[in-house]
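Close look at the chain arrangement
Below, each chain spelled out in residue letters.
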Amino acid sequence: GGSKTRGRINLAFTGTSDVGSYGAFLRLQYTGKDDSAAASWGYGDVSYANAYAGFFNNVLTVEAGKIKDVWIGSSGFSGFSVLDGKSGAAITFSPITGLAITGAAVIDYSSTTSNTYQVSSDTFLGGVKYTNDSITLDAAYAGYGLITANVSFNGLQNVLIEAEAAIDTDHGLSILADQRVQSDIHIRYTGV
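Each value, and the rule that gives it
Residues numbered from 1 in each chain as written. Predicted model: local features only at pLDDT ≥ 70, side-chain atom pairs only at ≥ 80, totals over all residues. Heavy atoms only, no water. Buried < 20%, exposed > 50% of the residue type's maximum accessible area, 1.4 Å probe, protein only. Helix = DSSP H or I, 4+ residues; strand = E, 2+ residues; numbered from the N terminus. Pairing = 2+ DSSP bridges. Phe/Tyr/Trp six-rings, centres within 6.5 Å; stacked < 30°, edge-to-face > 60°. Lys NZ or Arg CZ within 6 Å of the ring centre and 35° of its normal. Contact = heavy atoms within 4.5 Å. Salt bridge = Lys/Arg side-chain N within 4 Å of Asp/Glu carboxyl O.

Glancing now at the pairing of strand β8 (residues 135–142). Only one face of β8 is buried, namely the one carrying T136, D138, A140 and A142, since none of I135, L137, A139 and Y141 on the opposite face is buried. Note that β8 and strand β9 (residues 146–153) share eight bridges and pair antiparallel. Its bridge partner lying in β9, D138 is registered against N150. The loop that links β8 with its antiparallel partner β9 comprises three residues; one of these, G145, has a positive phi angle of about 110°.

In this section: the packing of aromatic side chains. The full count for this structure, using the stated rule, is three aromatic pairs. Measuring from ring centre to ring centre gives 4.5 Å for Y109 and Y144, while their planes differ by 40°; the resulting arrangement is tilted. Of this pair, Y109 sits in the loop between β6 (99–106) and β7 (124–131) while Y144 is found in the loop between β8 and β9, placing the two residues 35 residues apart along the sequence. Relative accessible area serves as the criterion here: at 27%, Y109 is assigned to the partly exposed category. A cation over an aromatic ring shows up here: K68 above the ring of F25, its NZ or CZ 5.2 Å from the ring centre. Across from the ring centre of Y48, 5.0 Å away, lies the NZ or CZ of K68, which sits over that ring.

Within the secondary structure, R188 is located in strand β11 (residues 181–189). Sequence-wise, R188 and D138 are 50 residues apart; in three dimensions their C-alpha atoms are separated by 20 Å. R188 has contacts with N158, V159 and L160, leaving out every residue within four places of it along the chain.

The next thing to look at is the pattern of salt bridges. One pass over the full model with this rule turns up one salt bridge. A salt bridge links D170 to R180; the shortest N-O distance between them is 2.7 Å. Within this pair, whereas D170 is found in helix α1 (residues 170–176), its partner R180 is found in the loop between α1 and β11, the two being separated by ten residues in sequence.

All quantities given are derived from atomic positions and should not be read as evidence of function.
What follows is the structure, given as C-alpha cells:
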C-alpha cells in the first residue's frame, strides 16, 4: 500500500585471536517511499561497512569504515550516537571492564566543493561510556556540533529507568539542520 517498506541485509564476520577479537559488518538497506517503490527496487544504501580489530586482549580496539557504534552510543530507547553511521576511523581504549574511551575522526562533514576532504574541528569527536550490572553512563561530543548523554539504571529487580539526550550546538544546528534537543525517558517494570 502507501506505507513505507524497508529491507535490510546484514552480513557479519567475527573471530578471536591471541591478541583480541576482530570482525567486519556490512548492512545494505532499502527504504521504499511510495507505491512505486517495488518498480525501483535496487540494492539499497550501505548503512554500515566497517572492520575492527582488538589488541592487547581488547584493551585497544581500532575500527574503520562506515562505523556501527557499539562503543559510546547511548543505551537508551533512541540510541543516540555521535559516531554511528559516520565514515572514518575510531580508536577505543578500555583499561577496565565496562569502560570505553573512544576518539574518532570522521569525514562526513569535512568535504569541500572540490570533492576533497579538509581536516577541521568538525572532523574529530570523542566519548566515554561506563557499564556495569546496575548502571550505564555515557557522554560524547562531536566537533560537527552534537552532544549526546545517557544514564541508565537497572539495579532493582524488574525495573529499568533510562534517560538520554542529543543536543545540537549552534554550530550543529547549521550543519545538521536538526532540533536543538531530542530526549526521552524510558521507565519499564516487568514484574506484573
